[in-house]
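Structural overview
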Amino acid sequence: MSGDVRVTAAALSDAAIALELERRRVRLAAQDVAAVETVAMLCWETRGTRFATPLAVVRHVLAGVSVTALPGAPAAVIGVFARRGVIHTLFDPAAALGLEPAGGGAGAVLLVRQDRPYVAIRVDTVQDVIQVPGAAVAEAGRRDGIAQLIVLPDVPPITIVDMARLIGHLTGRGGAVPAVPPPQEG
């Protein structure tokens with residue numbers, strides 16, 4: 001069979017067909033908009049691995065802080081520091097992310113947007129903010145584990161960190177098990 005296939009709707013008027021086609025066009029346009037919605041992600045690096053977390057969960061980025069160590073604290077706790085009269089616990093997320101702890105040293109601090117306990121994460125460097133398709137972020141959030149590797153076109157592979165799960169793991173308020181894929185070579 002060659003040529004165009006003619007589709008008819010004998011029971012519908014031309015106006016009804018035009019209305020239905022317009023409804024479908026609007027619905028498809030809405031799907032296209034949803035497909036390109038993005039989430040602003042803050043990219044950071046720890047122990048040579050690139051991570052990202054939604055910018056909305058980061059309250060502030062500090063160049064560094066003066067930390068007071070807590071004797072007997074778990075290994076992930078670097079110490080505490082005060083900012084604007086509020087005590088924050090500073091964590092090294094490396095072990096929870098499947099990396100070797102670096103222990104102290106210079107770096108950047110991400111103040112996490114959450115109340116009580118006030119927490120911060122020490123990272124090696126903060127890189128930039130990128131836009132990631134919302135569908136990719138949602139898919140990573142549906143998987144188990146603290147972090148999920150995603151691969152996007154035109155962007156180096158990146159591991160999205162679920163900050164709520166990470167903080168839950170670090171503070172002992174959540175039973176999340178780390179699930180970080182091994183670093184990709186190349």
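Our subject is the structure that appears above.
Below or above, wherever it landed, is the structure these notes cover. The structure presented is a predicted model; accordingly, all values stated were derived computationally and were not measured.

1. Quick word on the pattern of salt bridges
Counted by the stated rule, this structure contains 7 salt bridges. The residue D92 makes a salt bridge to R47 at a minimum N-O spacing of 2.6 Å. Taken as a pair, D92 in the loop between strand 5 (86-91) and strand 6 (108-112) and R47 in the loop between strand 1 (38-46) and strand 2 (49-54) lie far apart in primary sequence, 45 residues in all. Taking relative accessible area as the criterion, R47 reaches 23% and is therefore assigned partly exposed. The network of salt bridges with common partners includes R47, D92, R122 and D124.

2. Observations concerning the side chain of T49
Within the secondary structure layout, T49 lies in strand 2. Overall, the relative accessible area of 16% leaves T49 in the buried class.

3. A closer look at the pairing of strand 6
Both faces of the sheet carry side chains from a regular strand, because those side chains alternate between them. Counting buried positions along strand 6 gives 5 out of 5 residues, so the element sits mostly inside the fold. What you see with strand 6 is no split at all: A108, L110 and V112 on one side and V109 and L111 on the other are buried throughout. Of the strand pairs in this sheet, strand 3 (residues 58-62) and strand 6 are connected by 4 bridges, and their pairing is antiparallel. By the bridge assignment for strand 6, V58 is matched with V112.

4. What to know about the sheet that holds strand 3
Ordered by their spatial adjacency, 5 strands build an open sheet running 3-6-7-5-4, and the pairing between neighbours is mixed. If you trace the sheet from one side to the other, it starts and ends with strand 3 and strand 4 (77-83), each paired once. Here the strands of the sheet are splayed against their neighbours by 30° on average, with no regard to which way each runs. Docked against the sheet, helix 3 (residues 163-171) engages strand 5, strand 6 and strand 7 (119-123), running at close to 100° with respect to strand 7.

5. A few points about the side chain of T53
Summarising the element assignment, T53 is placed in strand 2. For T53, a relative accessible area of 0% gives the class buried. In this structure the side chain of T53 is engaged in a polar contact, spanning 3.3 Å, whose partner is the backbone oxygen of V161. Setting aside chain neighbours within four positions, we find T53 in contact with A40, M41, L42, W44, V58, V161 and M163.

6. Observations regarding the packing of aromatic side chains
A full pass over the atoms with the stated rule returns 1 aromatic pair. Seen in terms of ring centroids, W44 and F51 are 5.0 Å apart; in terms of plane orientation they differ by 25°. Their pairing is stacked. For the residue pair W44 and F51, the accessibility class agrees, reading buried in each case.

7. Focus: unusual backbone geometry
With a phi close to 50°, R47 is a non-glycine residue in the positive phi region. The backbone phi angle of R84 is positive, close to 55°, even though this residue is not glycine. Mapped onto the elements, R84 comes out in the loop between strand 4 and strand 5.

8. Details of the environment of L152
As for its position among the elements, L152 is in strand 9 (residues 147-152). For L152, a relative accessible area of 15% translates into the label buried. Along the backbone, L152 and A136 are 16 residues apart, and their C-alpha atoms lie at a distance of 8.6 Å. Excluding residues within four positions of it along the chain, L152 makes contact with V132, P133 and A136.

Conventions and cut-offs
Residues numbered from 1 in each chain as written. Predicted model: local features only at pLDDT ≥ 70, side-chain atom pairs only at ≥ 80, totals over all residues. Heavy atoms only, no water. Salt bridge = Lys/Arg side-chain N within 4 Å of Asp/Glu carboxyl O. Helix = DSSP H or I, 4+ residues; strand = E, 2+ residues; numbered from the N terminus. Buried < 20%, exposed > 50% of the residue type's maximum accessible area, 1.4 Å probe, protein only. Pairing = 2+ DSSP bridges. Axes fitted to C-alpha atoms, helices over the stretch in contact; angles between N-to-C directions. Contact = heavy atoms within 4.5 Å. Polar contact = N/O pair within 3.5 Å; in protein donor to acceptor, adjacent residues only side chain to side chain. Phe/Tyr/Trp six-rings, centres within 6.5 Å; stacked < 30°, edge-to-face > 60°.

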